[in-house]
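Now for the letters of each chain:
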Amino acid sequence: MPLTMYKLSVPAFIRGFSALGGLLDKAEAFASEKGMPLAELFEARLAPDMLPLAGQIQRASDTSKNAIGRLTTIETPRFPDEERSFAELRERIAKTVAFLETIRPGDLEGSENREVTLNFTKLKVTFTGEDYLLQFVLPNFYFHITTAYDILRHKGVPIGKADYIGGLG
């Protein structure tokens, strides 16, 4: 069976959020064991001009669901960036995954040829759906998942590559 826009997106997003949930589990256990306030991890960032852990999770959520909206005619849910706890981050992940689980392969059929235009403050970019997914969405999604991993690893959470990759199979 050939690769499809669905196979390249929805399962990858869901798997990424599964791994992210596991990272949050390990982060909470680490904080509890060390007597570290969860806020120290929640607000941690790699550099002053980068988003904190919460922002990385919010952007991964937005990237995945907005990609579906731009590649289809499906209305995507909007979540305000108001999470203030690990439980609320988990809830956002769960709501994002619940939305993604409603998407069927047929919903993305033909989207590789759909025109997608992004309007940034000083830049307007137009892609084919395929280029949008492969050159913008997936790199952006994995950037935020990786940065969340890196923040937690930098703070001492005992996680490794297997935690990032997530369960295989």
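Because the structure is a prediction, the values reported are computed rather than measured.

**Some details on the overall build of the protein**
Then, in step 1: Within the protein, the secondary structure is distributed over 6 helices and 2 strands.
Then, in step 2: Secondary structure elements in the protein, listed N-terminal to C-terminal, are α-α-α-α-β-β-α-α.
Then, in step 3: Relative to its length of 169 residues, the protein is compact, with a C-alpha radius of gyration of 17 Å against a globular reference of 15 Å.
Then, in step 4: Expressed as lengths along the three principal axes of its C-alpha atoms, the size of the protein is roughly 50 × 40 × 25 Å.
Then, in step 5: Looking at the protein residue by residue over its 169 residues, the buried ones come to 42%.

**Re helix H5 (residues 129-154)**
Then, in step 1: The end-to-end C-alpha separation of H5 is 35 Å, in line with the 38 Å expected for 26 residues at 1.5 Å each.
Then, in step 2: At Val137, H5 is bent by approximately 35°, the largest bend along its length, and proline Pro139 sits one to four residues beyond.

**Here we look at the layout of surface pockets**
Then, in step 1: Of the volumes computed, that of the largest pocket is approximately 200 Å³.
Then, in step 2: Residue lining of the largest pocket: 13 residues in total, with Thr63, Asn66, Arg70, Phe136 and Asn140 positioned closest to the centre.
Then, in step 3: At 6 residues, the largest contribution of residues to the lining of the largest pocket is made by helix H3 (residues 53-71).
Then, in step 4: Considered class by class, the residues forming the lining of the largest pocket number 6 nonpolar, 4 polar and 3 charged.
Then, in step 5: By volume, the second largest pocket amounts to about 160 Å³.
Then, in step 6: Forming the walls of the second largest pocket are Leu3, Thr4, Met5, Tyr6, Lys7, Pro105, Gly106, Leu108, Glu109, Gly110 and Glu112.
Then, in step 7: Here the lining of the second largest pocket is composed, by residue class, of 5 nonpolar, 3 polar and 3 charged.

**Regarding the pairing of strand E1 (residues 115-120)**
Then, in step 1: Looking at chain direction, E1 and strand E2 (residues 123-128) are connected through 6 bridges and run antiparallel. Note that in E2 the partner of Asn119 across the bridge is Lys124.
Then, in step 2: Linking E1 to E2, which pair antiparallel, is a turn of 2 residues.

**A look at the environment of Ala19**
Then, in step 1: Mapped onto the elements, Ala19 comes out in helix H1 (residues 5-34).
Then, in step 2: In sequence terms Ala19 and Arg114 are 95 residues apart; their C-alpha atoms lie 30 Å from each other.
Then, in step 3: Among all residues touching Ala19, those that are not within four sequence positions of it are Asp163, Tyr164 and Gly166.

**Topic: the pattern of salt bridges**
Then, in step 1: Taken as a whole, this structure holds 9 salt bridges when the rule is applied.
Then, in step 2: Among the salt bridges present, the one from Glu28 reaches Arg90, with a minimum N-O distance of 2.6 Å. You can see Glu28 sitting in helix H1 and its partner Arg90 sitting in helix H4 (residues 86-100), a full 62 residues away along the chain.
Then, in step 3: Judged by relative accessible area, which is 26%, Glu28 ranks as partly exposed.
Then, in step 4: Here Glu83 makes a salt bridge to Arg92, at a shortest N to O gap of 3.2 Å.

**Some remarks on the environment of Ile68**
Then, in step 1: Structurally, Ile68 is set in helix H3.
Then, in step 2: The buried category is assigned to Ile68, whose relative accessible area is 0%.
Then, in step 3: Expressed as a C-alpha distance, the spacing of Ile68 and Lys34, which sit 34 residues apart in the sequence, is 40 Å.
Then, in step 4: Setting aside residues up to four positions removed in sequence, Ile68 forms contacts with Ser9, Val10, Phe99, Leu100, Ile103 and Leu108.

Reading the values: rules and limits
Residues numbered from 1 in each chain as written. Predicted model: local features only at pLDDT ≥ 70, side-chain atom pairs only at ≥ 80, totals over all residues. Heavy atoms only, no water. Helix = DSSP H or I, 4+ residues; strand = E, 2+ residues; numbered from the N terminus. Rg over C-alpha atoms; globule rule 2.2 N^0.38 Å. Buried < 20%, exposed > 50% of the residue type's maximum accessible area, 1.4 Å probe, protein only. Expected span 1.5 Å × (residues − 1). Bend = angle between axes of the 7 residues up to and from the residue. 1 Å grid on protein atoms, 1.4 Å probe; cavity = no way out; pocket = protein on both sides within 12 Å on 5 of 7 lines; lining within 4 Å. Points joined across faces, edges and corners; volume = space filled by probe spheres on them. Nonpolar A, V, L, I, M, F, W, Y, C, P; charged D, E, K, R; others polar. Pairing = 2+ DSSP bridges. Contact = heavy atoms within 4.5 Å. Salt bridge = Lys/Arg side-chain N within 4 Å of Asp/Glu carboxyl O.

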